Amino acid sequence: MTQRRRHQPPTMQTLAMMLPVPVPLLMLLLLLLTSVTVLPAHASPFTSYQNQRFAMEPQDQTAVVGARVTLPCRVINKQGTLQWTKDDFGLGTSRDLSGFERYAMVGSDEEGDYSLDIYPVMLDDDARYQCQVSPGPEGQPAIRSTFAGLTVLVPPEAPKITQGDVIYATEDRKVEIECISVGGKPAAEITWIDGLGNVLTDNIEYTVIPLPDLRRYTAKSVLRLTPKKEHHNTNFTCQAQNTADRTYRSAKIRVEVKYAPKVKVNVLGGGPTGGSSMGTHQRIVEHAQVRLECRADANPSDVRYRWYINDEPIIGGQKTEMIIRNVTRKFHDAIVKCEVQNSVGKSEDSETLDISYAPSFRQRPQSLEADIGSVVSLSCEVDSNPQPDIVWIQHPSDRVVGTSTNLTFSVSNETAGRYYCKVNVPGYAEISADAYVYLKGSPSIGSQRTQYGLVGDTARIECFASSVPRARHVSWTFNGQEISSESGHDYSILVDAVPGGVKSTLIIRDSQAYHYGKYNCTVVNDYGNDVAEIQLQAKKSVSLLVTIVGGASALVFLVVLIILLVMYLKCKNRTKLPPADVISEHQITKNGGVSCKMEPGDRTSNYSDLKVDISGGYVPYGDYTTHYSPPPQYLTTCSTKSNGSSTILQNNHQNQLQLQQQQSHQQHQHQQQQQQQSHQAPHHQQPPGQSLPMTFLTNSSGGSLTGSIIGSREIRQENGLPSLQSTTASVVSSSPNGSCSNQSTATTTHVVVPSSMALSVDPRYSAIYGNPYLRSSNSSLLPPPTAV
């Protein structure tokens, strides 16, 4: 309520302008006006008092239910009675405002403070309030404040989703989710959030419905959702709030989405040895084994698989994997598709195979015939992966003339000729093909002008001609007469097409002398002809007898050469045997055919294993009983086989002593006979039969030196040296491990020495002289020259 404005007295200037009166009179009137106050109609112009007025008036306010609100009201020079009105209804004039427990006028009368306090604020307190003062006792006018509106805010109730906690949906089939928030003032603001935390703004319908009290409202929000596989098992949240409470209240619902399979095809291996997932894109090597995997994510998970290659179903392809065991180039760029189906639907995924394979020609370059100045094109189409590098090379200059599939050029004498198409693909061998560009012209015969044949045999005359275009006619003449099929059975003509020309062969069956001479070959094409004279000459034949004799001679010579070579190799491999006292153990034991068994003590013996049975002579180097007496433990039992008969040689110490004594006795008797003969015939030479045999062993086959002498023959020497006796002996060899073998026959040569020489042999020449293992304890030999 606005205050009444006091009437302001007119000024001097205003009155002078409004009234046409003299100035002195005007001054008097103004003085009277300034001393008089304008009074109300019922007041006497001579009454004097102060009006009551508001120092503070109430203003519009907003409060939340349950809060405290104070509406200010201060009055200056209050004379009348003050009260608060609510929607023009008086609340009372006392400060406690009896009848309104939550209302009270607070402040002090001295300060003129009559503010209205409301606590706690309730929804009913939402109204218009005014502070009013009645007229004073002295006629002061009543005053009223401006209206102050109190707006009460009410937070909404927690939202609810009418579909419950779970909603079942199918992918791509729309569903509605409704969220309601009741009792808000103002109406609640509703927000939707999906399972990924995204705020949804599309496909939402928002409605506000007033409640019966017309003060509060129900907010309803409907989300029209198109479910996707990503929404499966996620929660959608409905949040509600208003200005009374900015704290969000929410409700959630879980979405169960049934969806068709989500399919992904992966190539797991395609290298030379297969392998795991190829990861980044790689080419598959031809003839490798390829394994493809089909992964499917579906709800429900009961699915069925089916494989296709270029839309052709694969028989038995109801599994999660497909294997191509020998992938060839025909699978290059093939689309391998996997289709998976469940109760909701079916979906598919595909993979295009990228096969790496060696280059091959789709179309080889073709030879061409062209006129000079014409434009020709050679084509070289190649199938390979990766794409090939093609190079055209002109022969014989080896100059690169092109690098594309087609080579186009103008024909001239320089450009005509042979061209190579060379193809390179990384990782594979180079391939090439050639083609000729022929200049059209008259034919040119290039055959040998002299050719040969055998009389009585079939003769052939060849006529080769370069002819572009191809020859239309080839003819032969002999002695001016043309040869044709009607010429008789002697002749026949063969015509063969060759690159760049033609070859005609004239065949003369059972040629005779009169068939030999000069023949003319004529070749004709569209551009001209060429004629060549070919001389057919008879070759001298070699007789059959000479051929047979020559072959036989060569064969005999070859056989003789082989025999000589074999004999030479045998002689070269033959080795001489060293003297008996230096024969190595290896040489002793490497041959033989005697099976010997040594006593246990023989394996560690350093004693010589050489045992010789001397039946036709003895070695006159000393007494065997003195110089050769091996200890009893070195015993050898040998058996030898010769010519089908078996002889057992039992060698032991006693047998050796008996043999030595017998030989010594025979030697003694022999000496006595020699002495008697010397007395009887002192001037006669010793007869051959009185010679003392001296035994040497030789081995032509590298065998052992021990053996039994079977026979001997005496050989007289012309130089006065002792006569020789050749004796054949069966060799008995003894090896260190005690076994004996007899595999060959050795030749024993006896040197017949006079008895006087035998009796005076230097003991140092004895076999036991330098070998301490052959000596007995009573040996009386001189020490070797190296002894100290």
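Owing to the predicted nature of the structure, the values given are computational and were not obtained by experimental measurement.

### Notes on the overall build of the chain
Move 1: Helices and strands together make up the secondary structure of the chain, namely seven helices and 54 strands.
Move 2: Within the chain, the fraction of its 788 residues that count as buried is 36%.
Move 3: By sequence separation, contacts in the chain at least 24 residues apart represent 63% of the contacts at least 6 residues apart.
Move 4: Accessible surface, the chain as shown: approximately 46,700 Å² in total, 52% of it carbon and sulfur.

### Focus on unusual backbone geometry
Move 1: Here the bond from Tyr119 into Pro120 is cis, since omega is -10 degrees, no more than 30 degrees from zero.
Move 2: Across the junction of Asn299 and Pro300, the peptide omega takes the value 5 degrees, indicating a cis bond.
Move 3: With respect to the secondary-structure elements, Pro300 resides in the loop between β22 (290-299) and β23 (304-309).
Move 4: Notably, Asn77 is not glycine yet its phi reads approximately 60 degrees, a positive angle.
Move 5: Examined against the element boundaries, Asn77 turns out to sit in the loop between β4 (74-76) and β5 (82-86).
Move 6: Positive phi, close to 55 degrees, is recorded for Asn310, a residue that is not glycine.
Move 7: Of note, Asn310 is situated in the loop between β23 and β24 (312-313).

### Quick word on the sheet that holds strand β39 (residues 459-468)
Hydrogen bonds between backbone atoms are what pair the strands of a sheet, whose relative direction is either parallel or antiparallel.
Move 1: In spatial order, the strands read β37-β39-β43-β42; together these four strands make up an open sheet with antiparallel pairing. The sheet terminates laterally at β37 (441-445) and β42 (491-498), the two strands that pair on one side only. Averaged over all pairs of adjacent strands, the angle between their axes in this sheet comes to 20 degrees, without regard to strand direction.
Move 2: In the sheet, β37 pairs with β39 via three bridges, with the strands oriented antiparallel. Bridging across to β39, Ser444 finds its partner in Ser466.

### A look at the pairing of strand β34 (residues 406-410)
Move 1: A one-sided burial pattern is seen for β34, the buried positions being Leu407 and Phe409 and the unburied ones Asn406, Thr408 and Ser410.
Move 2: The pairing of strand β30 (residues 375-379) with β34 spans five bridges and is antiparallel. Residue Val375 lies in a different strand from β34, and its bridge partner there is Ser410.

### A look at the packing of aromatic side chains
When we look at a pair of aromatic rings, we describe it by the centre distance and by the angle of the planes.
Move 1: Counted under the stated rule, the structure contains five aromatic pairs.
Move 2: An angle of 75 degrees between the planes, with centres 6.5 Å apart, marks the rings of Tyr103 and Tyr129 as edge-to-face. Within this pair, whereas Tyr103 is found in strand β7 (residues 103-106), its partner Tyr129 is found in strand β9 (residues 127-133), the two being separated by 26 residues in sequence.
Move 3: For Tyr103, a relative accessible area of 4% gives the class buried.
Move 4: Of the residues examined, Tyr129 reaches a relative accessible area of 0% and is grouped as buried.

### Observations concerning the pattern of salt bridges
Move 1: One pass over the full model with this rule turns up 27 salt bridges.
Move 2: One salt bridge connects Arg329 with Glu286, and the closest N-O pair in it is separated by 3.2 Å. Of this pair, Arg329 sits in the loop between β25 (321-324) and β26 (335-341) while Glu286 sits in the loop between β21 (284-285) and β22, and the two are 43 residues apart along the sequence.
Move 3: Residue classification places Arg329 among the partly exposed positions, given a relative accessible area of 26%.
Move 4: You can call Glu286 buried: its relative accessible area is 14%.
Move 5: The residue Glu321 makes a salt bridge to Arg291 at a minimum N-O spacing of 2.9 Å. Here Arg291 lies in strand β22 and Glu321 lies in strand β25, a separation of 30 residues in the sequence.
Move 6: According to the relative accessible area criterion, Glu321 is partly exposed, its value standing at 32%.
Move 7: Among the charged side chains, a salt-bridge network with shared partners connects Arg74, Glu111 and Asp113.

### Quick word on a nonpolar patch on the surface
Move 1: Where nonpolar side chains cluster on the molecular surface, the patch consists of Leu555, Val556, Phe557, Leu558, Val559, Val560, Leu561, Ile562, Ile563, Leu564, Val566 and Met567 and spans about 1,100 Å² of accessible area.
Move 2: Looking at the element boundaries, Val560 is found in helix α3 (residues 544-573).

### Observations regarding the nonpolar core
Move 1: Core analysis: the biggest nonpolar cluster contains 25 residues, and Leu82, Trp84, Leu116 and Tyr129 have the highest contact counts within it.
Move 2: Put simply, the parts of the chain that give this core at least two residues each are β3 (69-71), β5, β7, β8 (115-118), β9 and β11 (148-153).
Move 3: Among the elements that line this core, the one with the most residues is β9, at four residues.

### A look at the state of the cysteines
Move 1: Under the defined criterion, the tally for this structure stands at five disulfides.
Move 2: Residue pairing for Cys463: its cysteine sulfur links by disulfide to Cys521, the two sulfurs lying 2.0 Å apart. Here the disulfide of Cys463 and Cys521 is left-handed, its torsion about the S-S bond being about -90 degrees. With Cys463 in strand β39 and Cys521 in strand β44 (residues 517-525), the pair connects residues that are 58 residues apart, well separated along the chain.

### Digging into the environment of Gln130
Move 1: Mapped onto the secondary structure, Gln130 falls in strand β9.
Move 2: On a C-alpha basis, the gap between Gln130 and Cys73 in space is 9.0 Å, while along the polypeptide they are 57 residues apart.
Move 3: Within the structure, Gln130 has its side chain in polar contact with the backbone oxygen of Ser145 (distance 2.7 Å).

### Topic: the pairing of strand β35 (residues 417-424)
Move 1: As defined by bridge partners, strand β32 (residues 389-395) adjoins β35 across seven bridges and the pair is classed as antiparallel. Bridge pairing in β35 links Ile393 to Tyr420.
Move 2: Bridge count for β35 against strand β36 (residues 431-439) is seven bridges, and the pairing is antiparallel. Counted as the bridge partner of Tyr419 is Ala435 from β36.
Move 3: Hairpin connection, β35 to β36: the antiparallel pair is bridged by six residues, and Gly427 has positive phi, about 90 degrees.

### Notes on the environment of Lys174
Move 1: By the secondary structure assignment, Lys174 is in the loop between β13 (166-170) and β14 (175-184).
Move 2: For Lys174, a relative accessible area of 63% corresponds to the exposed category.
Move 3: Separated by 53 residues in the primary sequence, Lys174 and Pro227 have C-alpha atoms spaced 6.6 Å apart.
Move 4: When residues no more than four places from it in sequence are discounted, the contact partners of Lys174 are Leu225, Thr226 and Pro227.

### Brief notes about the side chain of Lys337
Move 1: Within the secondary structure, Lys337 is located in strand β26.
Move 2: Here Lys337 falls in the buried class, since its relative accessible area comes to 15%.
Move 3: Within polar-contact distance, the side chain of Lys337 engages the side chain of Asp311 at 3.4 Å.
Move 4: If sequence neighbours within four positions are ignored, Lys337 has contacts with Arg306, Trp307, Tyr308, Asp311, Glu348, Asp349 and Ser350.

### Here we look at the sheet that holds strand β29 (residues 368-370)
Move 1: Strand order across the open sheet formed by five strands is β29-β36-β35-β32-β33, with mixed pairing between neighbours. Taken across any chain shown, the strands that pair with only one partner, and hence form the sheet edges, are β29 and β33 (399-402). Ignoring strand direction, the axes of neighbouring strands in this sheet form an average angle of 30 degrees.

### Considering the side chain of Asp113
Move 1: With respect to the helices and strands, Asp113 occurs in the loop between β7 and β8.
Move 2: When near neighbours in sequence (up to four residues on either side) are disregarded, Asp113 contacts Cys73, Arg74, Arg95, Val106, Gly107 and Ser108.

### Things to note about the confidence of the model for the chain
Move 1: Within the chain, residue pLDDT values average 74, and 64% of them lie at 70 or more.
Move 2: Between residues 775-788, whose pLDDT stays under 50, and residues either more than four places distant or in other chains, the model counts 15 contacts.

### Structural notes on the environment of Leu196
Move 1: Mapped onto the secondary structure, Leu196 falls in the loop between β15 (189-193) and β16 (199-200).
Move 2: Note on Leu196: relative accessible area 64%, which makes it exposed.
Move 3: Residues Leu196 and Asn235, 39 residues apart in the sequence, show an inter-C-alpha distance of 8.7 Å.

About the cut-offs
- Residues numbered from 1 in each chain as written.
- Predicted model: local features only at pLDDT ≥ 70, side-chain atom pairs only at ≥ 80, totals over all residues.
- Heavy atoms only, no water.
- Helix = DSSP H or I, 4+ residues; strand = E, 2+ residues; numbered from the N terminus.
- Buried < 20%, exposed > 50% of the residue type's maximum accessible area, 1.4 Å probe, protein only.
- Contact = heavy atoms within 4.5 Å.
- Areas by Shrake-Rupley, 256 points an atom, 1.4 Å probe, with all protein chains shown as cover.
- Pairing = 2+ DSSP bridges.
- Axes fitted to C-alpha atoms, helices over the stretch in contact; angles between N-to-C directions.
- Phe/Tyr/Trp six-rings, centres within 6.5 Å; stacked < 30°, edge-to-face > 60°.
- Salt bridge = Lys/Arg side-chain N within 4 Å of Asp/Glu carboxyl O.
- Patch = residues over 30% accessible without salt bridge, like charges linked within 9 Å, V, L, I, M, F, W, Y side chains within 5 Å.
- Core = buried A, V, L, I, M, F, W, Y, C linked by side-chain atoms within 4.5 Å.
- Disulfide = S-S within 2.5 Å.
- Polar contact = N/O pair within 3.5 Å; in protein donor to acceptor, adjacent residues only side chain to side chain.
- pLDDT = per-residue confidence, 0-100.

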